[in-house]
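Single-letter residue listing:
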Amino acid sequence: MKVRIDIQSGFCFGVVYAINKAESILREQGHLYVLGDIVHNEQEVKRLTEMGLEVIDHEKLKQLKDTQVLIRAHGEPTETYKIAYENNIKLIDASCPVVLRLQNQIRQVYLDMKEQGGQVVIFGKPNHPEVIGLRSQTNYEAIVIQGLDDLDNIDFTRPVALFAQTTKNLKLFYQIVSEIGKRMKIALGKEQVPFKYYDTICRQVSHRDRELQTFCKDKDVVLFVSGKKSSNGKMLYGVCKQVNPNTYFISSPEEIDFSWFRPDDTVGICGATSTPQWLMQKVKDYLAQKFEIE
Ligand code: SF4
């Protein structure tokens, strides 16, 4: 059996930045709170928990005082900064710089839209932490759409500013752009109101599609390794499955069913932007227990 690990798969720089920050504090101090899972990968969270990382939620944050808390790559809503200030909590802000820039941009555009009587629209998942953080910049007035089916929530006679959660699908984003443009034309006839869209999809993610398609297409079986909570993982798994129907989603080596393989298969191991390389290596090692691999 030939087994190939996709070297492009693995953490994006936003996640690497947050993990490095956590690790360096943990090495020095042995304990650190983090608000929410630092990465949507149970295995990596477990590894860091063993080093002393303690995952807390927003309720727990309210009860803490005089301590320090790490903010993960997704960023946080404005209330978190307020609570931290009131409770003398030092925030170690490991929000991804791309997300922070987007938060600032959306705030600016929201203020402009308010003057123009327009709407901010976010293409994303309503409960995703990044989207919650972005909406907080608009006083939670931004409309969240998950796809073309939600477009009826937009008033096409008023200006629209469209943004995207950084991990969303690029193709669908541009379909939404085109559909909003069409519907605004229909709603307004010759009259025009501004429609601006901001392609805020992170290329660390959107380029992964193409790289994964190339990686998956010549493999007999593909093991896609990702945490079950990762939206990026679900999306990229879909990309792999489309190119190669023999793609299996696993979160740990133990989920592998050896009946998926023939001894002379070429197997590809890849993953999401939240999948650690060490975990993909573990999957390869697990296969080596059963098959002779090269
Ligand atoms: S996917 Fe992009 S925006 Fe999101 S954390 Fe990673 S680098 Fe940052």
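Residues numbered from 1 in each chain as written. Predicted model: local features only at pLDDT ≥ 70, side-chain atom pairs only at ≥ 80, totals over all residues. Heavy atoms only, no water.

### What to know about helix 4 (residues 78–86)
Of all the residues in helix 4, the buried ones are T80, I83 and A84. Buried residues along helix 4 cover an arc of 100° about the axis, so they all sit on one side. The exposed residues of helix 4 that point more than 90 degrees off its buried face are K82, Y85 and E86. The positive-phi residue at the C-terminal boundary of helix 4 is N88, with phi of around 55°. (Buried < 20%, exposed > 50% of the residue type's maximum accessible area, 1.4 Å probe, protein only. Helix = DSSP H or I, 4+ residues; strand = E, 2+ residues; numbered from the N terminus. Arc of directions from axis to C-beta.)

### Details of the domain arrangement of the protein
Segmenting the protein into domains produces domain 1 (2–9 + 206–290), domain 2 (13–95) and domain 3 (98–165 + 168–197). A straight line from the C-alpha centre of domain 2 to that of domain 3 covers 30 Å. Across the boundary between the two partners, domain 2 contributes 11 residues, which contact 12 residues of domain 3. Between domain 2 and domain 3 the total buried area reaches about 830 Å² when both faces are included, carbon and sulfur atoms providing 59% of it. Three residues stand out in domain 2 for area buried against domain 3, namely H74, P77 and T78, and they jointly supply 44% of the buried area on that side. In this structure, the connection of domain 2 to domain 3 is made through 0 salt bridges. (Domains from an automatic or database assignment. Contact = heavy atoms within 4.5 Å. Buried area = accessible area lost by both parts, 1.4 Å probe. Salt bridge = Lys/Arg side-chain N within 4 Å of Asp/Glu carboxyl O.)

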